[in-house]
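Topology and contacts: notes
What follows is the residue order along each chain.
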Amino acid sequence: SCDSKDIDPSEGIILSDDGKTGYLHGEHLTVRCGEGLTPSNSKARCSRGEWVIREKLCVESSCNVVKIDRGAFTQQVQKSEWTMFSGTKRWIEYEKVTLGSTKSPGSSLYVSCNEGYTFQGKGSNDVEVKCRSGKFCPNPVCLITGVPYEDEEDSKRDVSSFVNQGSDKRNPPENKAVDRATSVVHEENSNRQPDVDDAVPPPACTCTYRGLDDDVIAYYGTDILEYGQKVKKNEKVKFQCRDFGYYRLNGKKEITCEDCRPWHSAEYPDCVVPTTG
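Residues numbered from 1 in each chain as written. Predicted model: local features only at pLDDT ≥ 70, side-chain atom pairs only at ≥ 80, totals over all residues. Heavy atoms only, no water.

Naming follows an unreviewed UniProt entry, where the chain appears as Protein lev-9 of Caerostris darwini.

1. A look at the overall build of the chain
Worth spelling out the cut-off: Counting from the N terminus, the helices are DSSP H or I runs at least four residues long and the strands are E runs at least two residues long. We call a residue buried when its accessible area falls under 20% of the maximum for its residue type, exposed when it is over 50%, and partly exposed in between, using a 1.4 Å probe and counting protein chains only. Contacts between residues were defined by any pair of non-hydrogen atoms, one from each residue, lying within 4.5 Å. Calculation of accessible area relied on Shrake-Rupley with a 1.4 Å probe; when residues are assessed, cover is drawn exclusively from the protein chains displayed.
Along the backbone of the chain there are two helices and 26 strands. Expressed as a percentage of its 277 residues, the buried residues of the chain come to 28%. For the chain, long-range pairs separated by at least 24 residues make up 48% of all intrachain contacts whose partners lie at least 6 apart in sequence. Here the chain has roughly 18800 Å² of accessible surface; of this, 48% comes from carbon and sulfur atoms.

2. A few points about the state of the cysteines
Applicable threshold: Sulfur atoms of two cysteines make up a disulfide when they are within 2.5 Å.
Scanning the model with the defined rule gives six disulfides in all. Each disulfide pairs two cysteine sulfurs, and for Cys2 the partner residue is Cys46, the sulfurs being separated by 2.1 Å. An S-S torsion of about 80° defines the bridge between Cys2 and Cys46 as right-handed. Taken as a pair, Cys2 in strand E1 (residues 2–3) and Cys46 in strand E7 (residues 44–47) lie far apart in primary sequence, 44 residues in all. On the accessibility criterion, Cys2 (2% relative accessible area) is buried.

3. Points about the pairing of strand E11 (residues 71–83)
For the record, the criterion: One requirement defines pairing of two strands: DSSP has to find at least two bridges between them.
Of the strand pairs in this sheet, E11 and strand E14 (residues 108–113) are connected by four bridges, and their pairing is antiparallel. Paired with Phe73 across the two strands is Val111, which belongs to E14. With ten bridges joining them, E11 and strand E12 (residues 87–96) adopt antiparallel strand pairing. Note on E12: the bridge partner recorded for Ser80 is Arg90. Hairpin geometry of E11 and E12 is characterised by an intervening segment of three residues between the two adjacent antiparallel strands.

4. Considering the sheet that holds strand E25 (residues 254–256)
Ordered by their spatial adjacency, four strands build an open sheet running E21-E20-E23-E25, and the pairing between neighbours is antiparallel. Each edge of the open sheet is held by one strand with a lone partner, namely strand E21 (223–224) and E25. Taken together, the three bridges between strand E23 (residues 236–241) and E25 define a ladder with antiparallel strand orientation. Among the inter-strand pairings, Lys236 is bridged to a residue of E25, identified as Thr256.

5. A closer look at the pattern of salt bridges
Any two side chains of opposite charge can pair if their charged atoms end up close together. For clarity, the cut-off: Throughout this description, the term salt bridge denotes a Lys or Arg side-chain nitrogen within 4 Å of a carboxyl oxygen of Asp or Glu.
Tallied over the full model, the rule gives six salt bridges. Here Lys236 makes a salt bridge to Glu254, at a shortest N to O gap of 3.2 Å. One end of the pair, Lys236, is in strand E23; the other, Glu254, is in strand E25, with 18 residues separating them in the sequence.

6. With respect to the sheet that holds E14
Definition in use: Axis lines are fitted to C-alpha atoms, over the contacting stretch for helices. Their N-to-C directions set the angle, which ranges from 0 to 180 degrees.
Pairing within the open sheet is antiparallel, and its five strands lie in the order E12-E11-E14-E16-E17. With one partner strand each, in any of the chains shown, E12 and strand E17 (135–137) form the two edges of the open sheet. The average angle at which neighbouring strand axes cross in this sheet is 45°, direction not considered. As paired elements, E14 and strand E16 (residues 127–132) share four bridges and run antiparallel to each other. By the bridge assignment for E16, Leu109 is matched with Val129.

7. What about the packing of aromatic side chains?
To keep it simple, the criterion reads: In this scheme Phe, Tyr and Trp rings, the latter by its six-membered ring, pair at centre separations within 6.5 Å, and the angle between planes marks the pair as stacked below 30 degrees, edge-to-face above 60, and tilted otherwise.
Here the structure, examined in full by the defined rule, presents five aromatic pairs. Note on Tyr209 and Phe239: the rings are 6.5 Å apart at their centroids and 35° apart in plane angle, and the pair reads as tilted. Taken together, the residues span a long stretch of sequence, with Tyr209 in the loop between strand E19 (206–208) and strand E20 (216–220) and Phe239 in strand E23 at a distance of 30 residues. Here the aromatic rings of Tyr209 and Tyr268 are separated by 5.3 Å at their centres, their planes lie at 80°, and the arrangement is edge-to-face.

8. Comments concerning the side chain of Thr74
Put simply, the rule is: Side-chain atoms alone can form a polar contact between residues adjacent in sequence; in general such a contact is a pair of N or O atoms within 3.5 Å, and within protein one must be able to donate a hydrogen while the other accepts it.
By secondary structure assignment, the location of Thr74 is in strand E11. At 2.8 Å, the side chain of Thr74 forms a polar contact with the side chain of Ser112. Non-local contacts of Thr74, meaning those with residues more than four positions away in its chain, are made with Tyr94, Glu95, Lys96, Val97, Leu109, Tyr110, Val111, Ser112 and Arg261.

Here you go:
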């Protein structure tokens with residue numbers, strides 16, 4: 001027979017909680033896996049008193065694509081477009097990834113934050129994150145630029161470390177008195193109601209215009225909209241062809257800023273020569 005205690009737990013393996021320890025020849029061992037790991041298709045089989053394991057019993061977990069507040073998981077998409085006057089233009093767009101989909105360990109996505117927000121509040125956007133042990137790293141968070149960010153797991157470790165240290169018995173009584181006085185000051189400050197000036201208003205929500213067809217004129221109100229300019233939320237952009245009598249508008253006549261992200265290239269119309277006959 002085989003003993004389940006002979007299985008090496010160093011690879012994140014957690015033995016089944018059914019209480020069984022002895023296995024007969026030909027029987028398979030059921031295992032559970034630790035955090036960030038998933039049972040593989042491989043099985044541990046008892047053969048003549050020894051465990052036969054052909055592959056790892058626990059493998060790294062995949063990552064789920066979930067909703068990010070004030071942002072989204074995206075992937076890079078290479079775009080190109082040919083125009084009569086400028087030739088071929090190439091650029092990269094970050095397109096949203098379907099919620100609920102999964103990414104394999106080691107694969108990458110990007111975190112694209114809404115207008116006015118950046119990755120972890122550090123001033124960068126469209127930041128690459130990798131799937132590791134069932135989680136995307138670094139932690140995908142969108143904050144107002146400059147807002148202090150601290151990883152939740154790091155905070156837990158810091159608090160745990162502080163609690164485990166306990167009180168320092170070597171401190172003289174006068175130092176403890178200072179500590180108590182300091183704690184009172186902190187308590188008073190924590191009870192203070194925040195001033196109106198302390199509140200940071202959320203940034204205005206806008207969409208970025210990135211139309212590339214030189215034959216299309218985009219109007220934002222009565223002004224002509226240029227590449228890279230901003231459009232406020234719920235505001236509309238209207239289109240017409242530059243040579244109205246020669247070209248015909250192909251596509252939408254207007255688009256609305258709805259989700260505070262750049263419009264997809266397919267939403268922009270183009271101007272074509274009408275076919276005859």
